[in-house]
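Below are the chains, spelled out letter by letter.
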Amino acid sequence: MTDTDDSADAGWFAGGSAADSKATGDGPALRARIVDGEADEPRDWPELAVESGFAGSRDDYYDRLHGASVAATREAVRERERADDQQLVHAVRARDDCERTANELAERAAEWAGSLFDDAEPGIEGARAVAEREPDGELERRAVSLAGRVADLAAERDALAETIERTAPAVAPNLAEMAGPELAARLIALAGGLESLAKKPSGTVQVLGAEDALFAHLSGRAPSPKHGIIYTHEYVRNTRPEDRGSASRALAGKLTLAARVDHYSGERRETLHEELRERMATIRARAEGGSDGNGSDGGGSTGDTAADTEGNA
Amino acid sequence: MSDPELPAGVERREIDGETELTTRGPPVYGEPTADGWRAWDPDRSKLGGMFELGFETGLSGGETVLYLGAASGTTVSHVADFAGPTYAVEFAPRPARDLVEAAEPRDRLFPLLKDARTPNRYAHVVESDVDAIVQDVATRGQAEVAVRNARFLADDGRLLLAIKARSEDVTTDPESVFEGALDRLREAYEILETGRLDRFHEDHLGVVATPR
């Protein structure tokens, strides 16, 4: 790097070569300064750049700024979009789109195939069978081809799901172990990335995916939601209804810690998983031991979630 | 239609049989065009809405502009068409990808992947004494963002701000959200004009202000 001036009142062009020395190759350093630099206060940079000889004129300065800012921002965007958790988010959303589209198109394909072939079955399985047929004539060719597209989309969805299954543990080892790769990837996608998931309070994580219910609650129209997408977790779903509030709160708390460990340290932390197992055992013991809760939270199962959801608006 | 001065470079022209706000420049988002002029849809742009509603923006064309919350570049591309040097700040990578594409053919539009809440991260690029700040950020603390960025604005410059009530608080009614935001704004700005943008953007308040 050719940075010669890192003081807090230098412009992005500090250390850049003069306007007339063309072949110096300081482009990367200048772009890096646009992305990473800072200053306490703005100044008349165009004027200062001309004074320092970086640019021959204000117009020349703006030309150089345009080239550098477009290139720097393009690089920064690419880098941010390539970050692994962002790739995971893309994969989750693509998988969801493929699934939704495949199902929708399967209905159309089945309806059409049903009018042409006696034994056509509905759904994606049905579309796969239709796609195997030998078409006869123009209309059959189109209907069979459409069914083929449905089968292809479903295959793409399955391939994406496998990729997610493989990628999620690499992106977030603790979260994926605790939640399973599928739910871990969904949580990351809902939050928009691992970092933003790690920065959310556990009450927010608890109701991720239940935004409609949460806003209904905040507007005073409904009780607070007990759980969002984490409902799919065995710890919540297989806990008896009156304890699900506690279960989802305990799970969300540990998931949040797992996301933080994954984002900030990236190492596997066994104690986290043990603590959750113990806590869940305690909650489930209530089902055997009568209605008396013995958890540290006082054992309420529905009212106590309200406190967790505050501050999520 | 109320038509106070539109800036030079913004014209009402007939496109596809409709009279629309237009600017002249390369198309960005599939908007209708005619003779090199492209339609500026007030339903998709808070600033376009403010022009349609007759706000006195103080813009006459050729200004130096800092645009906060540039998103995909829809509005800022129109701004760069009629203004002078235009700095476009956007925080999210995905829309910024489109913003870069909009900026590439506009030689006085400078895209920056930055968070408008931390102005010191771009104060080494954005010059001082800009003529106008246009702000359309959909995060909590919109007035706070405007206050923190006041340092860029010339003493007689204009802040053109769209406040989205739902970004501040979904449960409180918009009027009280706006009042709270204006109170915060007054710590750094004198409010010149306010008006609801509801004809084009539900629960948004348009604000024109100048530094105190």
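Treat the numbers as computed from the prediction; the structure is a model and nothing was measured.

### Re the overall build of chain A
Then comes step 1: Helix and strand counts for chain A come out as 15 helices and zero strands.
Then comes step 2: Counting across all 313 residues of chain A, residues that qualify as buried make up 39%.
Then comes step 3: Pairs at least 24 apart in sequence give 58% of the contacts found in chain A among residues at least 6 apart.

### Details of the overall build of chain B
Then comes step 1: If you tally the helices and strands in chain B, you get six helices and eleven strands.
Then comes step 2: For chain B, the residues scored as buried account for 51% of the 212 residues in total.
Then comes step 3: Put simply, 57% of the contacts in chain B that link residues at least 6 apart link residues at least 24 apart.

### A short note on the interface of chain B and chain A
Then comes step 1: Contact residues are listed per partner, giving 27 residues for chain B and 30 residues for chain A.
Then comes step 2: Residue contributions to the side of chain B that touches chain A peak at five residues, all from helix H3 (residues 93–103) of chain B.
Then comes step 3: Taken together, the residues of the side of chain B that touches chain A break down into 14 nonpolar, four polar and nine charged.

### Considering the sheet that holds strand E8 (residues 130–135) of chain B
All names here are of chain B.
Then comes step 1: Spatially, E7-E6-E5-E8-E9-E11-E10 is the arrangement adopted by the seven strands of the open sheet, whose pairing is mixed. Whereas interior strands pair on both sides, the edge strands pair on one side only; in this sheet they are strand E7 (109–113) and strand E10 (189–196). The mean angle between the axes of side-by-side strands here comes to 15°, regardless of whether they run parallel or antiparallel.
Then comes step 2: Sheet topology note: the E10/strand E11 (residues 204–211) ladder contains seven bridges and is antiparallel. Residue Glu193 lies in a different strand from E11, and its bridge partner there is Val208.
Then comes step 3: Running at roughly 165° to E7, H3 makes contact with strand E6 (86–90) and E7 of the sheet.

### Brief notes about the sheet that holds strand E3 (residues 33–34) of chain B
Residues and elements named next belong to chain B.
Then comes step 1: Taken together, the four strands give an open sheet; going across it, the order is E1-E2-E4-E3, and neighbouring strands pair in antiparallel fashion. Strands at the two margins of the open sheet, each flanked by one partner only, are strand E1 (10–15) and E3.
Then comes step 2: One ladder, built from six bridges, connects E1 with strand E2 (residues 18–24); its direction is antiparallel. Residue pairing across strands places Glu14 opposite Thr19, the latter belonging to E2.

### Things to note about the environment of A:Arg33
Then comes step 1: Assignment of secondary structure puts A:Arg33 in helix H1 (residues 27–36).
Then comes step 2: A sequence separation of 22 residues divides A:Arg33 from A:Gly11, and the C-alpha atoms of the two residues are 8.9 Å apart.

### Focus: the packing of helix H5 (residues 123–131) of chain A against helix H6 (residues 138–171) of chain A
Residue and element names in this part refer to chain A.
Then comes step 1: Put simply, H5 and H6 touch, their axes get as near as 8 Å, and they point 130° apart. What the angle tells us is that H5 and H6 run oblique. The chirality of how H5 crosses H6 is left-handed. Contacts from Ile124, Ala127, Arg128, Val130 and Ala131 of H5 reach H6 at Val144, Ala147, Gly148, Val150, Ala151 and Ala154.
Then comes step 2: In the contact of H5 with H6, the residues fall into nine nonpolar, one polar and one charged.

### Quick notes on the pairing of E2(B)
Residues and elements named next belong to chain B.
Then comes step 1: Linking two consecutive strands that pair antiparallel, namely E1 and E2, is a turn of two residues; a positive phi of about 50° is found at Asp16 within it.
Then comes step 2: Of the strand pairs in this sheet, E2 and strand E4 (residues 37–39) are connected by three bridges, and their pairing is antiparallel. Bridging across to E4, Arg24 finds its partner in Trp37.

### Thoughts on the environment of B:Arg196
All names here are of chain B.
Then comes step 1: Examined against the element boundaries, Arg196 turns out to sit in strand E10.
Then comes step 2: Residue class for Arg196 comes out partly exposed when judged on the 17 C-beta atoms lying within 10 Å of it.
Then comes step 3: Along the chain, Arg196 and Ala162 lie 34 residues apart, while their C-alpha atoms are 9.3 Å from each other.

### Concerning the nonpolar core
In summary, soluble globular proteins display a tendency toward joint burial of nonpolar side chains.
Then comes step 1: In this structure, B:Leu66, B:Tyr67, B:Val79, B:Ala88, B:Val89 and B:Ile133 are the most contacted members of the largest nonpolar core, which totals 82 residues.
Then comes step 2: Take this core: its biggest share by element is seven residues, from helix H3 (residues 58–82) of chain A.
Then comes step 3: If you look at the next biggest cluster of nonpolar residues, it comprises 58 residues, including A:Ala184, A:Leu194, A:Leu251 and A:Ala259.

### Considerations on the packing of helix H4 (residues 84–116) of chain A against H5(A)
Residue and element names in this part refer to chain A.
Then comes step 1: Across the interface, H4 lies against H5 with an axial gap of 9 Å and an inter-helix angle of 55°. The orientation of H4 relative to H5 falls into the category oblique. Both H4 and H5 take part in a crossing whose hand is left-handed. On the side of H4, the interface is formed by Ala102, Ala106, Ala109, Ala110 and Ala113, while H5 contributes Gly123, Ile124, Gly126, Ala127 and Val130.

### Structural notes on unusual backbone geometry
Then comes step 1: The backbone phi angle of B:Asp35 is positive, close to 55°, even though this residue is not glycine.
Then comes step 2: If you trace the backbone, B:Asp35 turns up in the loop between E3 and E4.

### Here's the deal with helix H14 (residues 270–288) of chain A
All names here are of chain A.
Then comes step 1: Here H14 spans 28 Å end to end across 19 residues, near enough to the 27 Å set by a 1.5 Å rise per residue.
Then comes step 2: Taken together, the buried positions of H14 are Arg279, Met280, Ile283 and Arg286. Summarising the axial view, the buried residues of H14 lie within an arc of 100°, below the 170-degree limit, and thus occupy one face. For H14, the exposed residues lying more than 90 degrees away from the buried face are Glu270, Thr271, Glu274, Glu278, Ala281 and Glu288.
Then comes step 3: Turning to H14, the residues buried within the fold contact helix H12 (234–237) and helix H13 (244–264).

### Observations concerning the confidence of the model for chain A
Residue and element names in this part refer to chain A.
Then comes step 1: Residues at a pLDDT of 70 or more form 87% of chain A, whose mean pLDDT is 84.
Then comes step 2: Put simply, helix H15 (residues 305–308) is where chain A has its lowest mean pLDDT, 38, and helix H2 (residues 45–51) is where it has its highest, 96.
Then comes step 3: Note on residues 1–5: pLDDT under 50 across the span, and 13 contacts to partners over four residues away in sequence or across chains.
Then comes step 4: Low pLDDT (under 50) marks residues 291–313, which in the prediction has 42 contacts with non-local residues, meaning those over four places away or in another chain.

### Considering the environment of A:Val205
All names here are of chain A.
Then comes step 1: Along the chain, Val205 falls in helix H10 (residues 202–206).
Then comes step 2: Using a count of 27 C-beta atoms within 10 Å as the deciding quantity, one classes Val205 as buried.
Then comes step 3: C-alpha separation for the pair Val205 and Ile229, spaced 24 residues apart in sequence, amounts to 8.9 Å.
Then comes step 4: Not counting chain neighbours up to four residues away, the residues in contact with Val205 comprise Leu187, Lys200, Ala252, Leu255 and Thr256.

Definitions and limits used
Residues numbered from 1 in each chain as written. Chains lettered and ligands numbered in written order. Predicted model: local features only at pLDDT ≥ 70, side-chain atom pairs only at ≥ 80, totals over all residues. Helix = DSSP H or I, 4+ residues; strand = E, 2+ residues; numbered from the N terminus. Buried ≥ 20, exposed ≤ 12 C-beta atoms within 10 Å, placed from the backbone. Contact = placed C-beta atoms within 7 Å. Nonpolar A, V, L, I, M, F, W, Y, C, P; charged D, E, K, R; others polar. Pairing = 2+ DSSP bridges. Axes fitted to C-alpha atoms, helices over the stretch in contact; angles between N-to-C directions. Parallel < 35°, antiparallel > 145°, perpendicular 65-115°, else oblique. Left-handed = near helix turned anticlockwise from the far one by under 90°. Core = buried A, V, L, I, M, F, W, Y, C linked by C-beta atoms within 7 Å. Expected span 1.5 Å × (residues − 1). Arc of directions from axis to C-beta. pLDDT = per-residue confidence, 0-100.

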